[in-house]
Amino acid sequence: MEIKLQNHPEKLTKEDIPFLIGLFSIGLFLFLFYTWAMPLIDPDEPRYASTACDMVLNGNWIVPHFNGVPRINKPPLFYWTIAISYKLFGINEFSARLPSALAATGTVLITYLWGKRLADRKNGFWAGMVLMASPLFFLISRFCITDMMLTFFVCSSLYLFFIEYTEPNNRCKGGFETRPYRRLFLYFLLGMVFLVKGPVGILLFILITLCFLLWIRDIRYIRRLWYLPGFLLFLGIICAWGIPFWLSLGTKQISSLLSQEMSGRFVSGYAHPEPFYYYLPVFIIGFFPWSLFVFITFIHAIKQRKSMPATEKKQVYFFCSWLILTLVFFSMSHSKLMTYVLPLSPSVALLTVSLSRWDREGTLGKRYLWALWPALSVSVMLPIALVFTMHKWVPAKHGLSTIHIAIPIIILLIGTLIALFTFVSSRRFFQLKKVFCFTNCIFLVITITYSAKYLGTFRSTKDIVKKCLSDKGENYVLFSYARTVPSLVFYSGKNILQIEDYTRWKTIIPNPETSAYVVMSLTDYQKKQDWIQKRKLHAVCQNNAHVILKRENN
């Protein structure tokens, strides 16, 4: 059965407005709700927020600085967006997280446009909802880190490539030749990808597009990706920032940075080393329950590869390439964080569009429909297992009560049971998807609300800084024991000095009359009593995670 493409599916009409407004409103609510009340979480959020704050206060928009030292391991675009947000809404948690929330909302809207092109507006809307209801995507959209903005620009670049490649009129007239402005815009987006996180996003885009073209055996199209004016625009974007950056720092420091970020992270894994299979559980949990259903799309596409229409095959193969290659690419790196695979998020949502359409059109077949039962069984068993094992892993002694964990898990369990009943009644994946979207959104909102206090105490120093140091004025020096806590820099507004056991006061504070405060973790405080007494420090404030010590003036 050949797919009937919509007339001018890329064009927006009045019929799209309700869907776009609905997704935009829901997205902003989910991604911004309670962000103003949750402190910036160590270590990454306050690093980005403090660096952008330094840009606003000191006016250096070329070389980012954190804690008085150049922070050059990331390009500046994300810092710039936070700094602009500070200019508009003030320096606070909401402003710091706003760019990530807007990038997430933009990614949802692009997913809608893509889903509309693949099926219709209704499926496009629910593709956006699937994306918003994915736990990993929801979580990162609320954090002040670069990964969501990288996801937005990578998704935008892949979308522009895909519509140019699959649009029949363009293909007949020589591909990109009829739309030069699109080619320029594609290279502009790739320039933005570079300015967010360096070459990693560019490599990911090249890997996905080239492997997709090789998979469908359209090697001749590879040369059409080259466009000299676009490449010059790409270089111009990078050089507009890169040349002043290079003149400020010099070749040696930049070369050291590139060596550290490229070979150090990817090859040696000096930061966050994890095993090769690390992203398998991250994918399953981070995109639950959609990760349990995606494999059915893979199986169906492989089984029906000979009878599947060419247009539909290209669609499914592209999203499969996007998902699989992103997982493989980051799994090959020795340095791993769960946020790295976020750029594959839209592919998961769009593969569910194909699954819904095959189910609706009757092309999925009963044998594949029955494959949903094991996935549904796992989705029901997971919250049950969490309830029965709760006493072993709930950190009640750290201020997060059992009820705060039990309520969202019970909601998740009820939702999975309703989804199971819905599937038994209707035998339609589309109805199942609606129930899971609604359940996941409620579960995630309640979870983030209940966990805010816990995260704010144990992964931030905001409460103890505001309680003990907000009225001290500017005439004191602030230290951090053993490691520099980034949230301490942001909330104190000072450059923090790091001290160790061997540090001598006279070398860091020549004037013995200067007031000095030391922030330690509660664990270090309990272990270092002899060190504290020898240096004439005494506790003036503490919470469940940190202690502030003051040095007695001589």
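Since this is a predicted model, take the numbers as computed values, not measurements.

Enquirer: Sorry if this is basic, but what is going on with the packing of aromatic side chains here?
Expert: Given two aromatic rings, one states the distance between the centres and the angle between the planes to describe the pair. One pass over the full model with this rule turns up 41 aromatic pairs. Both rings, one in Phe318 and one in Phe319, keep their centres 6.0 Å apart while their planes meet at 75°; by these two values the pair is edge-to-face. Phe319 carries the same exposure label as Phe318, and that label is buried. Taken together, the ring pairs connect Trp114, Tyr159, Phe161, Phe162, Tyr165, Phe205, Phe212, Tyr221, Phe318, Phe319 and Trp322 into an aromatic cluster. When the ring centre of Tyr48 is taken as origin, the NZ or CZ atom of Arg71, which lies over that ring, is 5.2 Å away.

Enquirer: I keep staring at helix H11 (residues 228–249) and nothing clicks. Help me out?
Expert: Residue pairs spaced three or four apart in an α-helix point in one direction, given the helix's 3.6 residues per turn. For H11, which comprises 22 residues, the first-to-last C-alpha distance of 30 Å matches the rise-based estimate of 32 Å (1.5 Å per residue) to within 8%. Considering bend angle alone, the principal kink of H11 is centred on Cys239 and spans about 35°. Three or more residues of H11 are buried, namely Gly230, Phe234, Ile237, Ile238, Trp241, Gly242 and Phe245. Positive backbone phi, approximately 100°, marks Gly250, located one or two places after H11.

Enquirer: Teacher, can you tell me more about unusual backbone geometry here?
Expert: Note the cis peptide between Asp42 and Pro43, where omega equals 5°. By the secondary structure assignment, Pro43 is in the loop between helix H1 (16–32) and helix H2 (44–58). Cis rather than trans, the peptide bond between Phe288 and Pro289 has omega equal to 0°. One can find Pro289 in the loop between helix H13 (279–286) and helix H14 (290–303). Here the phi dihedral of Tyr34 falls at roughly 70°; this positive angle occurs in a residue that is not glycine. Inspection of the secondary structure assignment puts Tyr34 in the loop between H1 and H2. Residues other than glycine seldom take positive phi values, yet Asn67 does so here, at roughly 55°. Along the chain, Asn67 falls in the loop between strand E1 (65–66) and strand E2 (69–70).

Enquirer: Honestly, the pairing of strand E3 (residues 476–481) in this entry has me stumped. Any pointers?
Expert: For E3, the buried fraction is high: five of the six residues fall into the buried class. In this structure, E3 lies alongside strand E5 (residues 515–521), joined through five bridges in parallel fashion. When the bridges of E5 are listed, Leu478 appears paired with Tyr517. Examined bridge by bridge, E3 and strand E4 (residues 497–499) share three bridges and lie parallel to one another.

Enquirer: Just checking my understanding: could you explain the side chain of Ser100 for this structure?
Expert: Mapped onto the elements of the fold, Ser100 is located in helix H4 (residues 93–118). If we skip the residues at most four places from it in the chain, Ser100 touches Phe78, Ile140, Ser141, Phe143, Cys144, Ile145 and Met148.

Enquirer: How should the packing of helix H10 (residues 199–215) against helix H15 (residues 310–331) be read in this particular structure?
Expert: Each packed pair of helices is defined by two parameters, the angle between the axes and the distance between the axes. As a packed pair, H10 and H15 sit with axes 9 Å apart at the nearest point and diverge in direction by 135°. In terms of axis orientation, H10 runs oblique to H15. Judged by the twist between their axes, the crossing of H10 over H15 is right-handed. Between H10, through Val200, Leu203, Leu204, Leu207, Ile208, Cys211, Phe212 and Trp215, and H15, the contact on the second element is made entirely by Lys314, Tyr317, Phe318, Cys320, Ser321, Trp322, Leu325, Thr326, Phe329 and Phe330. Across the contact of H10 with H15, the residue classes break down as 15 nonpolar, two polar and one charged.

Enquirer: What exactly am I supposed to notice about the environment of Cys155 here?
Expert: Within the element layout of this structure, Cys155 appears in helix H7 (residues 147–166). Taking the C-alpha atoms as reference, Cys155 lies 8.4 Å from Thr111; in sequence the two are 44 residues apart. Other than its neighbours up to four places away in sequence, Cys155 contacts Thr107, Ile110, Trp114, Trp322 and Pro346.

Enquirer: I keep staring at the state of the cysteines and nothing clicks. Help me out?
Expert: The term disulfide refers to a covalent linkage connecting the sulfur atoms of a pair of cysteines. Inspection of the entire model under this criterion finds one disulfide. A sulfur-sulfur separation of 1.9 Å characterises the disulfide bridge that pairs Cys468 with Cys541. Since a negative S-S torsion denotes a left-handed disulfide, the Cys468-Cys541 link at about 45° is right-handed. Here the residue Cys468 occupies a position in helix H22 (residues 462–468), and Cys541 occupies one in strand E6 (residues 537–542), the gap between them amounting to 73 residues. Like Cys541, Cys468 is buried.

Enquirer: I would appreciate a short explanation of the nonpolar core in the present structure.
Expert: In a soluble, globular protein the nonpolar side chains are often hidden away together inside. Counting 154 residues, the largest nonpolar core has Trp114, Phe161, Phe293, Phe318 and Trp322 as the members making the most contacts within it. Every residue in contact with Phe293, bar those within four places of it in the chain, is listed here: Leu355, Leu372, Ala375, Leu376, Phe429, Leu432 and Phe436. Grouped together as the second largest cluster of nonpolar side chains are 15 residues, Trp505, Ala516, Val518 and Ile532 included.

Enquirer: Whenever I open this one, the pairing of strand E7 (residues 546–551) confuses me. Can you help?
Expert: Across the six residues of E7, five count as buried, placing the element largely inside the fold. Pairing of E5 with E7 involves five bridges; the strand directions are antiparallel. For Met520, the partnering residue across the bridge sits in E7 and is Val547. Bridge analysis of E6 against E7 gives five bridges, and the strand direction is antiparallel. Counted as the bridge partner of Leu537 is Arg551 from E7.

Criteria and cut-off values
- Residues numbered from 1 in each chain as written.
- Predicted model: local features only at pLDDT ≥ 70, side-chain atom pairs only at ≥ 80, totals over all residues.
- Heavy atoms only, no water.
- Phe/Tyr/Trp six-rings, centres within 6.5 Å; stacked < 30°, edge-to-face > 60°.
- Buried < 20%, exposed > 50% of the residue type's maximum accessible area, 1.4 Å probe, protein only.
- Lys NZ or Arg CZ within 6 Å of the ring centre and 35° of its normal.
- Helix = DSSP H or I, 4+ residues; strand = E, 2+ residues; numbered from the N terminus.
- Expected span 1.5 Å × (residues − 1).
- Bend = angle between axes of the 7 residues up to and from the residue.
- Pairing = 2+ DSSP bridges.
- Contact = heavy atoms within 4.5 Å.
- Axes fitted to C-alpha atoms, helices over the stretch in contact; angles between N-to-C directions.
- Parallel < 35°, antiparallel > 145°, perpendicular 65-115°, else oblique.
- Left-handed = near helix turned anticlockwise from the far one by under 90°.
- Nonpolar A, V, L, I, M, F, W, Y, C, P; charged D, E, K, R; others polar.
- Disulfide = S-S within 2.5 Å.
- Core = buried A, V, L, I, M, F, W, Y, C linked by side-chain atoms within 4.5 Å.

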